[in-house]
Amino acid sequence: MRMTFRWYGENNDSVSLKHIKQIPGVEGLVWALHHRSAGEVWPLEEVLEVKKQADKYGFHLDVVESINVHEDIKLGKESRDQYIDNYKESIRHVAAVGAKVICFNFMPVFDWTRTDLYKELEDGSTALFYETSKVNQMDPTELIKQITNSGYTMPGWEPERLKTIKNSFKAYEEVDEEQLWINLEYFLNEVLPVAEEEDIKLAIHPDDPPWPVFNLPRIITNERAVERYLAISDSPSHCLTLCSGSLGANPNNDIPGIIRRFHNRIAFAHVRNVRIYDNGDFIETSHRTKDGSVPIDEIVKAYHDTEFKGYIRPDHGRHLWNEECRPGYGLYDRALGVMHLWGLWDAYELVKQERSE
Ligand code: DNO
Ligand code: MN
């Protein structure tokens, strides 16, 4: 298991590389050119600039999250080919700084969706919260306004992109789940050969939450979907980002089971916990199993038992100790997350050693 930490870049993150360096066992940064929008080529000079910054602290750039997929590709529009060419170009450019994994998602219009970025937990910390009734009743543009008022934007919720949101909603009236699968397959058939040439794994992130929001289709939602996705190609570049918090928002998803079944194809692991309420609402919690509904201890055990050699990172964290940071991406709780993951891993390692003695 190779520990990494997401970093939004020098002028875009409250967390510095100096601080990340002090978290035990973090070897690499999970990075992106966040100022580039979906569909643009990531210029080589800008990629090399990130490399220069990472080198100062001895971090590798093996994991990119995410090169976002342009909406026209998801919609299957004619203009997609140009954006796919640009995607290929970006794959080649990140390969030049040693990237091994590219995480991406295929969620229509929005990336992850929450209704409250600072919902208070009983211990006084705040965390990302999803309230089903709000999503069902609210106009998405209203929700976006509320959310972008926080100063930071969630990835995928950038104000510029959201200006065109009404058109996007209209366009998705023609695209149901089956059509989205077809469009995803078209994209993969184009980009996988390039990823293979560059020795990069393309690792899809599941939908978050794993069900349709605002009536937009969502397809990477459960074990059956993962099975169907992986059956599209047997290319060694065709892989998963297994996000415990995304799939874990649906209590029917058996995440340790999914890991044990598909471990060969998991290139990148996101670990976080969520507490699910009876009405389907959920809030993000500490990584500890006891604090939420996702069995983090069994998840790490599944990775340990399957001798996971891929990259891992703590996913979102709570906002602790008055930290001002991007929603879900502060230093403190994610650093606690890293230590929790190492704690479990090292303990399972010890048990294994004792057994073999
Ligand atoms: C949520 C986060 C997401 C993720 C993107 C991947 O679980 O990990 O922001 O980065 O959806 O494309
Ligand atoms: Mn995730």
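Please read all numbers here as calculations on a predicted model, not as lab measurements.

1. Details of the confidence of the model for the chain
Next up, step 1: On average, residues of the chain carry a pLDDT of 94, and 95% of them reach 70 or more.
Next up, step 2: Interface scoring of the predicted complex returns ipTM 0.94; its pTM is 0.95.

2. Considerations on the sheet that holds strand E10 (residues 273-276)
Next up, step 1: Judged by pairing direction, the sheet is antiparallel, and its four strands sit side by side in the order E5-E6-E11-E10 without closing on themselves. Here the strands that pair on one side only, and so sit at the sheet edges, are strand E5 (116-120) and E10. Mean inter-strand twist for the sheet, computed between neighbouring axes without regard to direction, equals 40 degrees.
Next up, step 2: Where E10 and strand E11 (residues 282-285) come together, four bridges link them in antiparallel fashion. Across the sheet, residue Arg275 finds its bridge partner in E11, namely Ile283.

3. Regarding the environment of Glu223
Next up, step 1: Looking at the secondary structure, you find Glu223 in helix H10 (residues 223-230).
Next up, step 2: What Glu223 contacts, discounting residues up to four positions off in sequence, is Asn253 and Ile258.

4. Structural notes on the nonpolar core
Next up, step 1: Val64, Val101, Ile102, Val191 and Ala203 are the most contacted members of the largest nonpolar core, which has 86 residues in total.
Next up, step 2: Ranked by the residues each element gives to this core, the list is headed by helix H9 (residues 177-197), at seven residues.
Next up, step 3: Residues within four places of Val191 in sequence aside, it is in contact with Ile84, Tyr87, Lys88, Ile91 and Leu202.

5. Thoughts on the sheet that holds strand E3 (residues 60-65)
Next up, step 1: The strand order E1-E2-E3-E4-E7-E8-E9-E12 describes a closed barrel built from eight strands, whose pairing is parallel. Between one strand axis and the next, the sheet turns through 30 degrees on average, direction left out of account.
Next up, step 2: Two strands pair when backbone bridges link them, and strand E9 (residues 266-271) and strand E12 (residues 311-314) are joined in this way by four bridges, in the parallel orientation. Across the sheet, residue Ala269 finds its bridge partner in E12, namely Ile312.

Each value, and the rule that gives it
Residues numbered from 1 in each chain as written. Chains lettered and ligands numbered in written order. Predicted model: local features only at pLDDT ≥ 70, side-chain atom pairs only at ≥ 80, totals over all residues. pLDDT = per-residue confidence, 0-100. Pairing = 2+ DSSP bridges. Helix = DSSP H or I, 4+ residues; strand = E, 2+ residues; numbered from the N terminus. Axes fitted to C-alpha atoms, helices over the stretch in contact; angles between N-to-C directions. Contact = placed C-beta atoms within 7 Å. Core = buried A, V, L, I, M, F, W, Y, C linked by C-beta atoms within 7 Å. Buried ≥ 20, exposed ≤ 12 C-beta atoms within 10 Å, placed from the backbone.

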